[in-house]
Structures are given as C-alpha cells and as structure tokens.
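Understanding the architecture of this molecule
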Amino acid sequence: YKLYEGILQERIQSDEDIARTFFPDTKHSDAYTTRLKRKLRDRLVNTLFLIDLNTPHYNDLQRAHASCYKNLSAMHTLSVRYKHKAATELAEKTLRQSLYYGFTEINLSIARYLSIFYSTGRKDQKKTQYYLKMAKEQSFILNQEIKAENAFIELGLINAYNMSATKQISEKASKYVEELWPLIHKIKTPKFNMYVFYLLITFYEKSADYR
C-alpha cells in the first residue's frame with residue numbers, strides 16, 4: 001500500500017527510490033525491490049475485477065466489454081470447480097449481452113461451452129443444436145474478423161516501412177475490400193466493420209479519390 005501511495009503521489013519514480021525507501025540497510029535491496037514490485041502488480045491485477053464501472057469514465061460499450069470478460073472468467077472458474085449449474089446460468093446471461101454488442105470471441109467461447117454442457121450434462125438435443133449452430137456462426141465471423149485484422153496490420157507495416165509504396169498499398173487494399181466488403185451486410189460486429197471501412201478508406205486515400 002505504501003508503495004502504491006508513493007507511486008501515486010510521485011514520491012517514488014524508480015527502483016532506486018523503492019530500495020532507498022523500503023530497504024535502505026540491506027545488500028539484497030535489488031531482489032527485495034523486484035519482489036515488492038511484483039506483489040504490487042499482482043494485487044493491482046486482482047483489483048481490476050473490483051473496479052466500479054458505473055462511473056462517467058466508461059461508456060456503455062466499455063462497461064459491457066469489461067462485464068462480459070469478467071463473467072467469462074467467472075464462468076470458466078465455476079466450470080473447473082464443477083459448479084456447472086451456476087456457470088451455465090452466468091453463461092446464458094452473459095451471452096445475451098455479448099451477442100448484442102458483437103463480442104465475437106466471447107460469443108464463441110460461451111456457445112462452445114454451452115453446446116458441450118447441454119450435450120453431456122443435460123442431454124438436451126434442442127439446446128445442443130442451437131448452441132452448436134451458434135458456435136459455427138461465431139467461428140465464421142471470428143475468422144473474417146481475423147482476416148480483416150491481418151489486412152489492417154499488413155497495410156500498416158507496409159506504410160510504416162515504405163511510405164512511398166502508395167500503389168502497392170492501394171492494390172492490396174483493393175484486393176482485401178473486394179474479398180471482405182460483400183460480407184459487410186452479413187457481419188455486423190464493430191470490429192469487422194471498423195477494419196473493413198479502414199481498408200476502404202485506405203484504398204480511396206491511396207488512389208487519391210478523395211471525393
């Protein structure tokens with residue numbers, strides 16, 4: 001706590017400050033400093049799950065994103081402890097929110113878990129088929145998101161290391177847009193739309209078609 005307060009108040013800004021403040025009379029101050037920093041980091045990571053998201057600092061999307069990932073972690077924790085009823089209830093509740101906001105990776109993870117649960121734990125054929133179908137759909141969407149993301153990264157790398165490669169970037173952007181744009185009305189997730197529109201903008205920009 002003292003280390004946290006010291007960093008927050010800018011009294012502690014380096015490893016030397018930590019050693020001088022907490023371990024001034026030991027020859028092992030470097031090792032103790034490293035250990036203390038690691039303990040603070042671990043505690044801060046654990047505290048992330050206790051942060052109140054109902055503040056003006058967060059918008060609805062950020063709140064939903066943090067809430068869904070927190071619930072997903074709790075779902076898996078309950079599952080490995082064989083608390084499947086509680087895990088399933090949490091999974092289905094989280095999935096409704098996650099589908100609404102288009103969090104594909106969460107959707108896929110939950111759909112896979114529920115399809116396994118209902119096929120083995122409850123032997124519910126209807127729900128098993130429902131979640132199996134959802135898992136296939138979300139898997140397809142995730143693959144397309146990854147394609148669009150990889151295209152975004154590739155164009156960014158070319159631009160970063162060869163800013164004069166306008167024609168090369170334009171041609172690649174055109175190729176990716178041609179491949180991914182037909183899916184824009186089928187895949188509504190924010191991530192897919194963001195990357196595809198970026199590729200489209202890049203194509204027009206590098207083609208000097210500003211209109």
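Scroll up for the structure.
Residues numbered from 1 in each chain as written. Predicted model: local features only at pLDDT ≥ 70, side-chain atom pairs only at ≥ 80, totals over all residues. Heavy atoms only, no water.

With respect to the side chain of Asn 71
- Tracing the sequence through the fold places Asn 71 in helix 4 (residues 60-80).
- Note on Asn 71: relative accessible area 15%, which makes it buried.
- A distance of 3.2 Å separates a polar atom in the side chain of Asn 71 from a polar atom in the side chain of Thr 94.
- Once residues lying within four places of it in the same chain are set aside, the contact partners of Asn 71 are Leu 90 and Thr 94. (Helix = DSSP H or I, 4+ residues; strand = E, 2+ residues; numbered from the N terminus. Buried < 20%, exposed > 50% of the residue type's maximum accessible area, 1.4 Å probe, protein only. Polar contact = N/O pair within 3.5 Å; in protein donor to acceptor, adjacent residues only side chain to side chain. Contact = heavy atoms within 4.5 Å.)

Description of the nonpolar core
- Grouped together as the largest cluster of nonpolar side chains are 21 residues, with contacts concentrated most on Met 75, Ile 110, Tyr 113 and Leu 114.
- Broken down by secondary-structure element, the contributors of at least two residues to this core are helix 4, helix 5 (84-101), helix 6 (104-121) and helix 7 (125-161).
- The leading source of residues in this core is helix 6, at eight residues.
- In this structure, Ala 151, Ile 158, Ala 165 and Phe 192 belong to the second largest nonpolar core, which totals 19 residues. (Core = buried A, V, L, I, M, F, W, Y, C linked by side-chain atoms within 4.5 Å.)

Focus: a positive patch on the surface
- There is a patch of like positive charges on the surface, built from Arg 35, Arg 38, Lys 39 and Arg 43.
- By secondary structure assignment, the location of Arg 35 is in helix 3 (residues 29-47). (Patch = residues over 30% accessible without salt bridge, like charges linked within 9 Å, V, L, I, M, F, W, Y side chains within 5 Å. Areas by Shrake-Rupley, 256 points an atom, 1.4 Å probe, with all protein chains shown as cover. Salt bridge = Lys/Arg side-chain N within 4 Å of Asp/Glu carboxyl O. Lys, Arg positive; Asp, Glu negative; His and termini not counted. Charge placed at Lys NZ, Arg CZ, Asp CG, Glu CD.)

A closer look at the environment of Ser 14
- Tracing the sequence through the fold places Ser 14 in the loop between helix 1 (2-8) and helix 2 (15-22).
- Counting along the chain gives 144 residues from Ser 14 to Ile 158, while the straight-line C-alpha distance between them is 37 Å.
- Reaching out from Ser 14, the side chain makes a polar contact with the side chain of Glu 16 at a distance of 3.3 Å.

Quick notes on helix 8 (residues 166-180)
- If you check helix 8, its first and last C-alpha atoms are 21 Å apart, about what 15 residues at 1.5 Å a residue would give, namely 21 Å.
- All of the buried residues in helix 8 are Ile 169, Ser 170, Ala 173, Tyr 176, Val 177 and Leu 180. Buried residues of helix 8 fall within an arc of 135° about the axis and therefore sit on the same side. Structural note: helix 8 exposes Lys 167 and Glu 178 on the side pointing more than 90 degrees away from its buried face.
- Contacts from the buried residues of helix 8 go to helix 7 and helix 9 (190-206). (Expected span 1.5 Å × (residues − 1). Arc of directions from axis to C-beta.)

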